[in-house]
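# Inside the fold
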Amino acid sequence: MTRLAQTHGLTEFQTEILATVRAFVDKEVIPNAQELEHSDTYPQAIVDQMKDMGLFGLMIPEEYGGLGESLLTYALCVEELARGWMSVSGVINTHFIVAYMIRQHGTQAQKDHYLPRMATGEVRGAFSMSEPELGSDVAAIRTKGTRAGDGYVINGQKMWLTNGASSTLVAALVRTDEGASRPHQNLTTFLIEKPAGFGEVVPGITIPRKLDKMGYKGIDTTELFFDDYQASADQILGGTPGRGFAQMMDGVEVGRVNVSARACGVAIRAFELAVKYAQQRHTFGKAIAEHQAIAFSLAEMATKVEAAHLMMVNAARLKDSGERNDVAAGMSKYLASEYCSEVTQASFRIHGGYGYSKEYEIERLMREAPFLLIGEGTSEIQKTIISKGLLRTYKL
Ligand SMILES: Cc1cc2nc3c(=O)[nH]c(=O)nc-3n(C[C@H](O)[C@H](O)[C@H](O)COP(=O)(O)OP(=O)(O)OC[C@H]3O[C@@H](n4cnc5c(N)ncnc54)[C@H](O)[C@@H]3O)c2cc1C
């Protein structure tokens, strides 16, 4: 057999870029991840190299200075990066979603203004839907933009911004009350440029602090407070208010393929660690891999890794072909994140007591895997999307 998670039918360029990212992960990410994660240190040197490799512009069209690659290429790179350290893939995830939203929904002026600088990583994106009172129920957003002349005054509180402090461009979803009867048609996405850092970064916007998390460390996750922030009408993504919900849902749909790819990467690493340890550790006179219970556990892990990878590749290819992929992305994200938790847990068990030691990588993966069940919509939300799609297709 070949190694796990191989992808057939890739172009020469895709194969080349994946080999480059894989070598980078093995050389620069895996050897440094433990120390940076345990000290909760931002991986600046790694991020700088990712900029040089052009990863921030992977999916940005060539006319704006990016590499113009597909969602599949992006997802396969993310899988490799997450195999090294999930936080490193998190650095580019929100950036990629914001760049995608501008590419798909921005005005020509917004594309010209942001995409070339996003392609180099000079401008770095974060996206903000969640609030303290809501995450799954996006249409219930409370942060409010009130019309003032040609622009808006925004007040409210946002929660859980990945890259909230290190980013310089936030796409924020705000209630602007356009008089539409359906709540989600009263939401607008604003593009907000700010300097990186904490405190009152621009008048009316404060990034108070870095949230302390169980895992997914190194990368900053923050709140954001709006206090009479003055936004101009040309900060509205696409120029027309009331379209924010649809724009964000389009963004999180590709984001789901990305989270799925991250789950695949973490699961692959958990498997790699388990299959190595199982051949090194001996009990009762033989390597534990020779005990059938452990060998079967490896078989189950490998099957889950392979299944998750195939569904992720399928969801990415569907999107690249221009087909609607909400159900495929939902299924892929659901399966990959649940399997990732199971595979990580199985690898942890194979490590015995050492799995509980901070000296072993599996300890970090155990704290990272649960986030994948939550980010870009929980498993329950994925099941809602999947079941709606099923009942549309199989309607009597
Ligand atoms: C580390 C981290 C980084 C994040 N980064 C970002 C970011 O960059 N930008 C951003 O906007 N958000 C971000 N989030 C927020 C994330 O998207 C939300 O946490 C997630 O969508 C869940 O929302 P919630 O936490 O409010 O949970 P809730 O919506 O309150 O859900 C609580 C529980 O109820 C379940 N539930 C809710 N509604 C239903 C229903 N209708 N049917 C069945 N079950 C239901 C959920 O599945 C969950 O189990 C991040 C979160 C974390 C932890």
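The structure this text deals with has already been given above.
A short tour of the structure in this document, coming up. (Residues numbered from 1 in each chain as written. Predicted model: local features only at pLDDT ≥ 70, side-chain atom pairs only at ≥ 80, totals over all residues. Heavy atoms only, no water.)

### Considering the pairing of strand β4 (residues 169-175)
Keep this limit in mind: Accessibility here uses a 1.4 Å probe with only protein chains present; expressed as a share of the type maximum, an area under 20% marks a residue as buried, one over 50% as exposed, and anything in between as partly exposed. To qualify as a helix, a DSSP run of H or I must reach at least 4 residues; to qualify as a strand, a run of E must reach at least 2; elements of each kind are numbered from the N terminus. Only strands joined by at least two bridges in the DSSP assignment are considered to pair.
Counting buried residues in β4 gives seven out of seven residues, a clear majority hidden from the surface. Two strands pair when backbone bridges link them, and β4 and strand β5 (residues 187-193) are joined in this way by seven bridges, in the antiparallel orientation. Note that in β5 the partner of Ala 171 across the bridge is Leu 191.

### Some details on the site of the ligand
We count it as follows: Near, as used in this document, describes a residue that has one of its heavy atoms within 4 Å of the molecule or strand being considered. Contacts described as polar in this section are N or O atom pairs within 3.5 Å, which, within protein, must combine one atom able to donate a hydrogen with one able to accept it, while residues neighboring in sequence count only if both atoms come from side chains. Surface accessibility in these figures is a Shrake-Rupley result with a 1.4 Å probe; residues are shielded only by whichever protein chains are displayed.
Around the ligand, the surrounding shell holds 16 residues, and the nearest of these are Ser 136, Trp 160, Thr 162, Thr 378 and Glu 380. Within the contact set of the ligand, a nitrogen atom lies 3.0 Å away from a backbone nitrogen or oxygen of Phe 127. Thr 162 has a polar side-chain atom sitting 2.7 Å from a nitrogen atom of the ligand. Within the complex, 63% of the 970 Å² of free accessible area of the ligand lies under protein. Secondary structure elements with two or more residues in the shell around the ligand: β1 (125-128) and β3 (151-162). Residue contributions to the shell around the ligand peak at three residues, all from β3.

### Some remarks on the pairing of strand β8 (residues 221-231)
Pairing geometry for β3 and β8, over eight bridges, is antiparallel. Its bridge partner lying in β8, Tyr 152 is registered against Ala 231. Direction of pairing for strand β7 (residues 205-207) relative to β8: antiparallel, over a ladder of two bridges. What sits directly across from Ile 205, in β8, is Phe 226.

### Things to note about the side chain of Thr 221
Using the following cut-off: In what follows, a contact means two residues having at least one pair of non-hydrogen atoms within 4.5 Å.
Inspection of the secondary structure puts Thr 221 in strand β8. For Thr 221, a relative accessible area of 3% translates into the label buried. In this structure the side chain of Thr 221 is engaged in a polar contact, spanning 2.8 Å, whose partner is the side chain of Lys 213. Not counting chain neighbours up to four residues away, the residues in contact with Thr 221 comprise Trp 160, Leu 161, Thr 162, Arg 209, Lys 210, Leu 211 and Lys 213.

### Side note on the nonpolar core
We apply this condition: Think of a nonpolar core as a cluster: buried Ala, Val, Leu, Ile, Met, Phe, Trp, Tyr and Cys residues, connected wherever their side-chain atoms sit within 4.5 Å.
Grouped together as the largest cluster of nonpolar side chains are 101 residues, with contacts concentrated most on Met 50, Leu 81, Ile 102, Met 118 and Ile 350. Here this core gets 18 residues from one element, more than from any other, and that element is helix α6 (residues 244-280). With sequence-adjacent residues up to four places away left out, Met 118 is seen in contact with Phe 56, Ile 60, His 95, Val 98, Ala 99, Ile 102, Val 123, Gly 125 and Leu 169. By size, the runner-up hydrophobic cluster in this structure holds 19 residues, among which are Ala 172, Ile 205, Leu 224 and Ile 236.

### Some thoughts on the packing of helix α3 (residues 71-84) against helix α7 (residues 292-320)
Two quantities define a packed helix pair, namely the angle between the axes and the distance from one axis to the other. How we decide: Lines fitted to C-alpha atoms define the axes here, with helix axes fitted over just the stretch in contact, and angles between the N-to-C directions of these axes take values from 0 to 180 degrees. By definition in this entry, angles of less than 35 degrees are roughly parallel, angles greater than 145 are roughly antiparallel, angles of 65 to 115 are roughly perpendicular, and the rest are oblique. Residues are grouped as follows: Ala, Val, Leu, Ile, Met, Phe, Trp, Tyr, Cys and Pro are nonpolar; Asp, Glu, Lys and Arg are charged; every other residue, Gly included, is polar.
Orientation of α3 relative to α7, taken along the N-to-C sense of each, is 150 degrees, at an axis distance of 8 Å. Of the possible angle classes, the one that applies to α3 and α7 is roughly antiparallel. From α3, Leu 71, Leu 72, Ala 75, Leu 76 and Glu 79 reach across to α7, where they touch His 309, Met 312, Val 313, Ala 316, Arg 317, Lys 319 and Asp 320. In terms of residue class, the contact of α3 with α7 is made up of seven nonpolar, one polar and four charged.

### Comments concerning α3
As a reminder, the rule being used: Expected helix span is taken as 1.5 Å per residue step, with the number of steps being one fewer than the number of residues.
If you check α3, its first and last C-alpha atoms are 20 Å apart, about what 14 residues at 1.5 Å a residue would give, namely 20 Å. Most of α3 sits inside the fold, with 14 of its 14 residues counted as buried.

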